[in-house]
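Here are the chains, one letter per residue:
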Amino acid sequence: MTSVKEGDYNALREEIKKVLKQPGYDDGSAGPVFVRLAWHASGNFSLVEHNGGSNGAGMRFPPESVDPANAGLHHAISFLIPIQAANPWISHADLWTLAGTTAIQAMGGPQIPWEAGRSDYDSAEAAEEHRGVVGDRLPDGALGASHVREVFTRMGFSDREIVALSGAHALGRCHRDRSGFDGPWVVNPTRFSNQYFKLLLRPIWRPREWDGPFQYEATVAGTKLMMLPTDMALVEDPQFKPWVEKYAADQDLFFKDFSMAFGKLIELGVDRDDTGFAKLVKKSAEEGKPLDQTQKPGGGSCPFAGTGAKGRSAGGAGGCPFLAMNREAKL
Ligand code: HEM
């Protein structure tokens, strides 16, 4: 693996792209499991308790490293170890989130806003002391719409954002030895697209008869596909379903919304100082400044404002993308 110049994130993206191709692993790509790593590293954030999130890379230590919800993510971490070893200046927390965003784009998806500055816990004790208890916060695929809404509302996501994020199930597959569920959601699971939404709307899904957990199945173009109960909840719930329909009909809208929502996800709990550095300091819910994307239209500021991170953003131009999205969603 090549050592790149400290702070050269574009060069690091190229290094990540080099390890995406993994013949012999799943569908030949580490991309989907990188996306899941970035999501699980971030998705234990709580707006109320203001703890959890990607800062610190807590999944390197118990209890997160042995949480059954994170089963299989050691593959993603292992694929990234050579890059980290050659470039020790980047934190694991930054590398994991950068790998997720790089993979999405490399698989044909949108560019995602990404900022450097996360730090790493240096021990299990430090992680425990700083984070407190963040287990049991990731969604359970066996449950329904109210569970999905509850889990994502805890992170600060709207119905629109929840549905957009769920579109990541166009990538990868379920593994019997990880979650117990089995199979891919779409025919080409290494291509980011709105196929997941198109398939969800088709009347093809039947309960699978097998000895595993309850899931749905259908055969499309000769390939056995699956849906989790939480996936089907998106078409069963009257508030979620219109967004499934919109994203199935308009891939550009899906890409735009997904980019904003995933960018928000990997920022949760990352409180940068004026230099753009996100120290690992314990904050109470009152002290912590939950990101402002959940604010009503008209108010609020860009979560990247005042971070000193201007110019380092991979996100691109013009105004705050998160606030713009929420304005459009008429929250
Ligand atoms: C209700 C919410 C969600 C539930 C219940 C859920 C559940 C699951 C389950 C059970 C798996 C299979 C794990 C395995 O057996 O290896 C999986 C895989 C995956 N999930 Fe989700 N997920 C949710 C939301 C998300 C979100 C928000 C993202 C990203 C934005 C995401 C991205 C992925 C990806 C890319 C995979 C494939 C991983 C691989 O191929 O190794 N999921 N999810």
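Remember, it's a predicted structure, so these values are computed and weren't measured experimentally.

J.: Is there a simple way to explain the overall build of the chain in this structure?
T.: If you tally the helices and strands in the chain, you get twelve helices and five strands. Burial status across the chain gives 44% buried among its 331 residues. Long-range pairs, those at least 24 residues apart, make up 73% of the contacts in the chain between residues at least 6 apart in sequence.

J.: Even after reading the chapter, I still don't get the sheet that holds strand 5 (residues 223–227), so can you show me in this structure?
T.: Note: strands within a sheet are paired through backbone hydrogen bonds, in either parallel or antiparallel orientation. The three strands lie next to each other as 3-4-5, forming an open sheet whose pairing is antiparallel. With one partner strand each, in any of the chains shown, strand 3 (206–207) and strand 5 form the two edges of the open sheet. With five bridges connecting them, strand 4 (residues 216–220) and strand 5 associate as antiparallel partners. When the sheet's bridge partners are listed, T219 is paired in strand 5 with K224.

J.: I keep staring at the pairing of strand 4 and nothing clicks. Help me out?
T.: Looking along a regular strand, one sees the side chains alternate between the two faces of the sheet. Of the strand pairs in this sheet, strand 3 and strand 4 are connected by two bridges, and their pairing is antiparallel. Considered in strand 4, the bridge of P207 is made with Y216. Taking the residues that link successive antiparallel strands as the turn, the strand 4-strand 5 hairpin has two residues, and the phi of A221 there is positive, at about 50°.

J.: Can you help me understand the environment of Q215 in this one?
T.: Summarising the element assignment, Q215 is placed in the loop between strand 3 and strand 4. When the 23 C-beta atoms within 10 Å are taken as the criterion, Q215 is described as buried. Linking Q215 and M232, residues 17 residues apart in sequence, is a C-alpha distance of 9.5 Å. When residues no more than four places from it in sequence are discounted, the contact partners of Q215 are F181, R208, M226, M227 and L228.

J.: Please clarify how the packing of helix 7 (residues 159–166) against helix 11 (residues 251–265) should be interpreted in this entry.
T.: The contact between helix 7 and helix 11 brings their axes to 8 Å, and the two run at 100°. Taken together, helix 7 and helix 11 sit at an angle that is classed as roughly perpendicular. On helix 11, the residues that touch R160, E161, A164 and L165 of helix 7 are F254, D257, F258, A261, F262 and L265. Looking at the contact of helix 7 with helix 11 residue by residue, the classes come out as seven nonpolar, no polar and three charged.

J.: Looking at this structure, I do not really get unusual backbone geometry. What am I missing?
T.: The phi torsion of most residues other than glycine is negative, and most of the peptide bonds are trans. With omega at 5°, the peptide bond leading from P62 into P63 counts as cis. Mapping P63 onto the fold places it in the loop between helix 2 (31–42) and helix 3 (73–86). Unlike most non-glycine residues, A57 shows phi in positive territory, near 50°. The residue A57 is located in the loop between helix 2 and helix 3 in this model.

J.: Explain the site of the ligand to me, please; I cannot follow it from the model alone.
T.: Around the ligand sit 24 residues, and of these P32, A168, G172, R178 and S179 come closest. Within the residue set of the shell around the ligand, elements represented by two or more residues are helix 2, helix 7 and strand 1 (173–174). It is helix 2 that contributes the most residues to the shell around the ligand, five residues altogether. For the shell around the ligand, the residue count by class is 13 nonpolar, eight polar and three charged. Viewed by domain, the shell around the ligand spans two of them, domain 1 (9–139 + 262–326) and domain 2 (145–252), each represented by three or more residues.

J.: Explain the confidence of the model for the chain here, please?
T.: Regions with low pLDDT should not have their predicted coordinates read in detail. Mean pLDDT for the chain: 88, with 85% of residues reaching 70 or above. Throughout residues 290–331 the model reports pLDDT below 50, and contacts reaching past four residues in sequence, or to other chains, amount to 66 contacts.

J.: What is the right way to read the packing of helix 3 against helix 4 (residues 92–106) from this model?
T.: The axes of two packed helices give the description: the angle between them and the distance between them. Where helix 3 meets helix 4, the closest approach of the two axes is 11 Å, and the angle between their N-to-C directions is 125°. As the angle between them shows, helix 3 and helix 4 are arranged oblique. Read as a crossing pair, helix 3 and helix 4 show a hand that is right-handed. Judged by residue contacts, L80, I83 and Q84 of helix 3 engage H92, L95 and A99 from helix 4. Classifying every residue of the contact of helix 3 with helix 4 gives four nonpolar, two polar and no charged.

J.: For this particular structure, what's the right way to read helix 7?
T.: A turn of α-helix holds 3.6 residues, and therefore any two residues three or four places apart point the same way. The buried fraction of helix 7 amounts to eight of the eight residues, a majority that puts the element mostly inside the structure. Residues D159, R160, E161, I162, V163, A164, L165 and S166 constitute the buried set of helix 7. Residues of helix 7 that are buried sit in contact with helix 6 (145–155), helix 9 (229–236), helix 10 (241–249) and helix 11.

Each value, and the rule that gives it
- Residues numbered from 1 in each chain as written.
- Predicted model: local features only at pLDDT ≥ 70, side-chain atom pairs only at ≥ 80, totals over all residues.
- Helix = DSSP H or I, 4+ residues; strand = E, 2+ residues; numbered from the N terminus.
- Buried ≥ 20, exposed ≤ 12 C-beta atoms within 10 Å, placed from the backbone.
- Contact = placed C-beta atoms within 7 Å.
- Pairing = 2+ DSSP bridges.
- Axes fitted to C-alpha atoms, helices over the stretch in contact; angles between N-to-C directions.
- Parallel < 35°, antiparallel > 145°, perpendicular 65-115°, else oblique.
- Nonpolar A, V, L, I, M, F, W, Y, C, P; charged D, E, K, R; others polar.
- Near = placed C-beta within 6 Å.
- Domains from an automatic or database assignment.
- pLDDT = per-residue confidence, 0-100.
- Left-handed = near helix turned anticlockwise from the far one by under 90°.

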